[in-house]
Amino acid sequence: MDIDYKLDEPWTILSAIEQSIKKKIESIGTPLKDWDIRINYGIKTGLNDAFIISKEKRDELVKADPKSDEIIRPILRGKDIKRYEYDFQNLYLINTHNGYTDEQGNVIPPININDYPAIKEWLDSEEWNKNPKKGSSFKRLSERTDQGVTPYNLRSLAYMDDFSKQKILFSEMVSSPQFYLDSQKFLVNDTVTFISGENLETLTIFLNSKIIFSIFKLFYAGGGLGNSGIRMKKTFLQKLPLPRVVIQNDNSKDQEILISQALTLTDAEFDYLLEAFSI
């Protein structure tokens, strides 16, 4: 057994084949922190019962005031994200954002709740307050830490504009690769991490690869969760080196071979990573 040791990393004991794989990917690949991408977390409301609503409630609010539709958007959670797809559960976020600057440099002011009377009535009501022992609805809104300029606003997010762009969605705690390339402008809650930026189609293919998942699990995941789970933590994922090559998105077994070739893996190394995926 060889020891792969760097001053800024914990000790890692690797077999000869693991040493060979790691050296290849780090010589060929570019760490994700050096790609033209941004990795951010989803929206933390501080009070999901109030801000995340069903389709029925969304329809009710829009019927009461059609303007409500402007700030109610479909939302995905970590458990809704699958490999190349999602499982939408008809949930919506009341996006009373706290203002931001868009890509063109335009300053978007915070949402004024008085412009949305039906939504304000909902937030002021006790209907959503399933735990009144913690206080009235307004008390709980006003005492939560994740709020903006008023109790009705969500906390500030400088990257709010990125939710309206193409992005890769994934859950932090997984037992297999589950990355979805979203072009439908979904909002996501804080159980989802997302990647925005350039070359997202290629990056989605790499991240959904079995052998890339094994590489991440073996060398960059910082330890496992239970028998097979890992954390796709931002600080860990940024260290993952991937080659800047284009792989066609045909969702076939051939993609694994093409990725293996891009990494210049031997047949033995390729088989080793596939076996590590199944463990």
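Provided above is the structure to which this section pertains.
These remarks concern the structure in this document. Model, not experiment: these values are computed from the prediction.

Some remarks on the side chain of Asp80
Logical step 1: For Asp80, the location among the structural elements is in the loop between strand S6 (72-76) and strand S7 (81-82).
Logical step 2: Those residues in contact with Asp80 that sit more than four places away from it in its chain are Glu85, Tyr86, Asp87 and Gln89.

Details of the sheet that holds strand S5 (residues 52-54)
Logical step 1: Across the sheet, which stays open at both edges, the four strands sit in the order S5-S9-S6-S15 with mixed pairing between neighbours. Every interior strand has two partners, whereas the edge strands, S5 and strand S15 (187-188), have only one.
Logical step 2: The pairing of S6 with S15 spans two bridges and is classified as parallel. Paired with Leu76 across the two strands is Val188, which belongs to S15.
Logical step 3: Lying on the sheet, helix H3 (residues 55-64) is in contact with S5, S6 and strand S9 (91-94); it crosses S5 at an angle near 90 degrees.

Digging into the pairing of strand S12 (residues 167-171)
The side chains of a regular strand alternate, residue by residue, between the two faces of the sheet.
Logical step 1: The buried fraction of S12 amounts to five of the five residues, a majority that puts the element mostly inside the structure.
Logical step 2: The pairing of S12 with strand S14 (residues 179-182) spans four bridges and is antiparallel. Paired with Ile168 across the two strands is Leu181, which belongs to S14.
Logical step 3: Looking at chain direction, S12 and strand S16 (residues 192-197) are connected through four bridges and run antiparallel. The residue of S16 that forms the bridge with Ile168 is Ile195.

Description of the packing of aromatic side chains
Logical step 1: Counted by the stated rule, this structure contains eleven aromatic pairs.
Logical step 2: Taking 5.0 Å as the distance between ring centres and 40 degrees as the angle between the ring planes, the aromatic pair formed by Phe170 and Phe179 counts as tilted. Phe179 shares its class with Phe170; the two are buried.
Logical step 3: Among the aromatic residues, those joined into a ring-pair cluster are Tyr86, Phe88, Tyr92, Tyr180 and Phe186.
Logical step 4: Taking NZ or CZ as reference, Arg58 lies 5.9 Å from the ring centre of Tyr92, over its face.

Observations concerning the sheet that holds S12
By definition, the strands of a sheet pair up through backbone hydrogen bonds, in either a parallel or an antiparallel sense.
Logical step 1: Sheet architecture is open: four strands sit in the order S4-S16-S12-S14, paired in antiparallel fashion. Strands with a single pairing partner mark the edges of an open sheet, and in this sheet they are strand S4 (37-41) and S14. Strand-to-strand twist across the sheet, computed as the mean angle between neighbouring axes with direction ignored, equals 25 degrees.

Here we look at helix H9 (residues 254-262)
Logical step 1: Buried within H9 are the following residues: Gln255, Glu256, Ile259, Ser260 and Ala262. Angular distribution of buried residues about the axis of H9 spans 160 degrees; they occupy a single face of the element.
Logical step 2: On the buried face of H9, the contacting elements are helix H1 (16-28), helix H6 (200-207), helix H7 (210-219) and helix H10 (267-278).
Logical step 3: Positioned one or two residues after H9, Thr264 has a phi angle of 55 degrees, which is positive.

Re the nonpolar core
Logical step 1: One finds Phe51, Ile94, Ile119, Leu123 and Phe163 to be the most contacted residues of the largest nonpolar core, which totals 39 residues.
Logical step 2: Where this core is concerned, the elements lending two or more residues are helix H2 (48-51), S5, S6, S9, helix H4 (117-124), S15 and S16.
Logical step 3: In this structure, Ile94 is in contact with Ala50, Phe51, Ile53, Leu61, Ile71, Ile72, Ile119, Trp122, Leu123 and Leu154, ignoring residues within four places of it in sequence.
Logical step 4: If you look at the next biggest cluster of nonpolar residues, it comprises 37 residues, including Ile21, Ile25, Ile259 and Phe270.

Conventions used here
Residues numbered from 1 in each chain as written. Predicted model: local features only at pLDDT ≥ 70, side-chain atom pairs only at ≥ 80, totals over all residues. Heavy atoms only, no water. Helix = DSSP H or I, 4+ residues; strand = E, 2+ residues; numbered from the N terminus. Contact = heavy atoms within 4.5 Å. Pairing = 2+ DSSP bridges. Axes fitted to C-alpha atoms, helices over the stretch in contact; angles between N-to-C directions. Buried < 20%, exposed > 50% of the residue type's maximum accessible area, 1.4 Å probe, protein only. Phe/Tyr/Trp six-rings, centres within 6.5 Å; stacked < 30°, edge-to-face > 60°. Lys NZ or Arg CZ within 6 Å of the ring centre and 35° of its normal. Arc of directions from axis to C-beta. Core = buried A, V, L, I, M, F, W, Y, C linked by side-chain atoms within 4.5 Å.

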